[in-house]
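Summary of the model geometry
The chain contents come next:
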Amino acid sequence: MIDVINLEKQFGENKVLNGINVTIEKGDIMVVIGPSGSGKSTFLRCLNCMEDPTGGQIIFNGVDIADPKVDINIHRRHMGMVFQHFNLFNNKTVLQNIMLAPVYVQCQDLRRAKRQNFFLPFTNLFRKEKREKAAIATTAAKITAQARENALSLLRRIGMEDKANVYPSTLSGGQKQRIAIVRSLAMNPDVILFDEPTSALDPEMVGEVLDLMKALAAEGMTMVIVTHEMGFAREVANKVLFIDEGQILESGTPEEFFGNPKNPRLRDFLSKVL
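These notes cover the structure that comes with them. (Residues numbered from 1 in each chain as written. Predicted model: local features only at pLDDT ≥ 70, side-chain atom pairs only at ≥ 80, totals over all residues. Heavy atoms only, no water.)

1. Here we look at the sheet that holds strand β6 (residues 79-82)
Read from one edge to the other, the open sheet built from six strands follows the order β6-β7-β8-β3-β9-β10, with strand pairing classed as mixed. Each edge of the open sheet is held by one strand with a lone partner, namely β6 and β10 (247-252). Neighbouring strand axes in the sheet, compared pairwise and without regard to direction, differ in orientation by 15 degrees on average. Sheet analysis places strand β3 (residues 29-33) next to strand β8 (residues 222-226), joined by four bridges and oriented parallel. For Met30, the partnering residue across the bridge sits in β8 and is Val224. Contacts from helix α6 (residues 203-218) reach β3, β7 (191-195) and β8 within the one sheet, and its direction differs from that of β8 by about 145 degrees. (Pairing = 2+ DSSP bridges. Helix = DSSP H or I, 4+ residues; strand = E, 2+ residues; numbered from the N terminus. Axes fitted to C-alpha atoms, helices over the stretch in contact; angles between N-to-C directions. Contact = heavy atoms within 4.5 Å.)

2. What about the pattern of salt bridges?
Side-chain pairs of opposite charge can arise where the charged atoms are in close proximity. A complete count under the given rule lists 13 salt bridges for this structure. Between Arg45 and Glu51 there is a salt bridge, and its shortest N-O distance comes to 3.9 Å. In this structure Arg45 comes out as partly exposed when scored by relative accessible area, which is 24%. Given the relative accessible area of 21%, Glu51 is considered partly exposed. Note that Asp268 and Lys272 form a salt bridge whose closest N and O atoms lie 3.3 Å from each other. A residue pair is termed a helical-turn pair when its members lie 3 or 4 positions apart in one helix, as Asp268 and Lys272 do in helix α9 (residues 264-273) at four residues. (Salt bridge = Lys/Arg side-chain N within 4 Å of Asp/Glu carboxyl O. Buried < 20%, exposed > 50% of the residue type's maximum accessible area, 1.4 Å probe, protein only.)

3. Comments concerning α6
If you check α6, its first and last C-alpha atoms are 23 Å apart, about what 16 residues at 1.5 Å a residue would give, namely 22 Å. Regarding α6, the residues found buried are Met205, Val206, Val209, Leu210, Leu212, Met213, Leu216 and Ala217. Buried residues of α6 fall within an arc of 155 degrees about the axis and therefore sit on the same side. For α6, the exposed residues lying more than 90 degrees away from the buried face are Glu204 and Ala218. Of the residues flanking the end of α6, it is Gly220, one or two places downstream, whose phi is positive at about 95 degrees. (Expected span 1.5 Å × (residues − 1). Arc of directions from axis to C-beta.)

The structure is reproduced here in structure tokens:
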């Protein structure tokens, strides 16, 4: 699904990523750990080109999305992103937050298709233009209705349908993060990227977010997760990476990784966090 080949990222003179090579298969639950400032979040943000790589390739479903000639927005539709600080729109309700991306993307596609069709040969410009506008309005209404139905279904799934019409400012941190996760699910992504999804939460709220992520893992969702939750990594991941100073120093299954770490830097790191 994703092949990362010799990925590099540099900010000025500071080389944050230095030759990252990794393959993420469909259904993988890959957890990325490492000390603060090691390049974990930069690696994650490079996967969907929120940070443009300085060098290397990111092959996503057969396309090098690090190529500047590629329309990255087309490919981001298939990559969900969950941020540390939720990034919900506070001026929109929970329901509107979840509906926003699918409605925007599908309506944008609709308008593009109609524009292309509009310039096909025709005999009556005025009548054709009126028909096209009416068709767009009707289809846009259907898109919105379907997005609303899907958003409510996702809210029911996490037991938060009663919060559909409230604003994010009224929610707890754990509730906001669960909304952020189902907002990503609303786009039916191939993979979801999680950037320290529990680090901004009170300890008592961490469990409800991790439970949702475990449920997604059980359903086969491909996930790449930057986290400090070692228990989650041991229980749920099938691959664990240790990044330090912009390089992957060790990778393996949770059993190998935690049970028999080979790299001295990893052994030192685990001795401090476990």
